[in-house]
Amino acid sequence: MTGFRVRWARTSDVPLIQKLIEPLVQERILLGKERVVFYEAVQEFRIAETDDGTVIGCGALHVMWEDLGEVRTLAVAQEWLGKGVGHSLLTTLQEDARVLGLKRLFCLTFEVDFFTKHGYAPIGESVVDPEVYAELVRSTDEGVAEFLDLARVKPNTLGNTRMLRLI
């Protein structure tokens, strides 16, 4: 197989991101989103692509609060699993988080072993102070609702593990 690199996403990558994650949406591993949501968040995404330009992975970093971010939509093409693509994407997103000044990264995942190997640990209910919680609960972002473990998103998060890492 050829090598790969990680780069910032472009708007032209949005349909490719959707195609890449569709099997995971069908398996209920990732939540499906409307294309407009991906365009609105394209600047949060990193893309892994082969030397010939084939998109083989993606991941996003979403800022939630002054010191807190979320790793979202981390996905790797089936044939590239176990070849370091997920590791490279996550490492890049963590570095992006450091550059932004974030101190903690959250993820909601079925891939507990993968994230544990990268320093994440399962978390309980209270991860933020009550004042921050009161601010975050105002967000319309589904990922923030999942982080807060709000009742309205529980059907979407059944079986997932909420994990956190200090960076």
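See the structure printed just above.
So, how was this worked out
Residues numbered from 1 in each chain as written. Predicted model: local features only at pLDDT ≥ 70, side-chain atom pairs only at ≥ 80, totals over all residues. Heavy atoms only, no water. Helix = DSSP H or I, 4+ residues; strand = E, 2+ residues; numbered from the N terminus. Buried < 20%, exposed > 50% of the residue type's maximum accessible area, 1.4 Å probe, protein only. Contact = heavy atoms within 4.5 Å. Core = buried A, V, L, I, M, F, W, Y, C linked by side-chain atoms within 4.5 Å. Pairing = 2+ DSSP bridges. Salt bridge = Lys/Arg side-chain N within 4 Å of Asp/Glu carboxyl O.

Caption draft 1: Fine view of the overall build of the chain. On a plain count of helices and strands, the chain comes out with 7 helices and 7 strands. Along the chain, from the amino end to the carboxyl end, the secondary structure elements read β-α-α-β-β-β-α-β-α-β-α-α-α-β. In the chain, buried positions account for 48% of the 167 residues. Looking at the chain alone, contacts between residues at least 24 apart form 69% of all its contacts between residues at least 6 apart.

Caption draft 2: Local environment of the side chain of His62. Position of His62 relative to the elements: it lies in strand β3 (residues 55-65). What His62 contacts, discounting residues up to four positions off in sequence, is Glu44, Gly69, Glu70, Arg72 and Asp141.

Caption draft 3: Quick peek at the nonpolar core. If you look at the biggest cluster of nonpolar residues, it comprises 36 residues, and the most contacted ones within it are Phe45, Cys58, Val71, Phe115 and Tyr120. Contributing elements (two or more residues each) for this core: α1 (14-26), β2 (45-50), β3, β4 (68-76), α3 (85-100) and β5 (104-109). A per-element tally of this core places α1 first, with 6 residues. The contacts of Val71, once residues within four sequence positions are left out, are Ala60, Leu90, Leu93, Leu105, Phe106, Cys107, Phe115 and Tyr120. One finds Phe106, Leu108, Val128 and Phe147 within the second-largest nonpolar core, a separate group that totals 12 residues.

Caption draft 4: Quick look at unusual backbone geometry. For Arg28, which is not a glycine, the phi torsion comes out positive at approximately 65 degrees. Residue Arg28 is classed as exposed on the basis of its relative accessible area of 63%.

Caption draft 5: Region of interest: the pairing of β2. Here β2 lies mainly inside the structure; 6 of its 6 residues are buried. Side chains of β2 alternate between two faces, with Phe45, Ile47 and Glu49 and Arg46, Ala48 and Thr50 buried alike. Alignment of strand β1 (residues 4-8) against β2, held across 5 bridges, turns out to be antiparallel. Looking at the pairing, Arg5 lines up with Glu49 of β2.

Caption draft 6: Fine view of the side chain of Thr73. Checked against the element boundaries, Thr73 lands in strand β4. Beyond its immediate sequence surroundings of up to four residues, Thr73 is in contact with Ile21, Leu30, Lys33, Phe38, Phe45, Cys58 and Gly59.

Caption draft 7: A look at the pattern of salt bridges. Inspection of the entire model under this criterion finds 7 salt bridges. The partner of Arg7 in a salt bridge is Glu49, with the nearest N and O atoms 3.1 Å apart. Of this pair, Arg7 sits in strand β1 while Glu49 sits in strand β2, and the two are 42 residues apart along the sequence. Overall, Arg7 belongs to the buried group, its relative accessible area being 7%. Classification of Glu49 as buried rests on a relative accessible area of 7%. The closest approach of N and O atoms between Glu95 and Arg98, which form a salt bridge, is 3.3 Å. Of the two residues, Glu95 and Arg98 both sit in helix α3, 3 residues apart, roughly one turn of that helix. By relative accessible area, which is 40% here, Glu95 ends up partly exposed.

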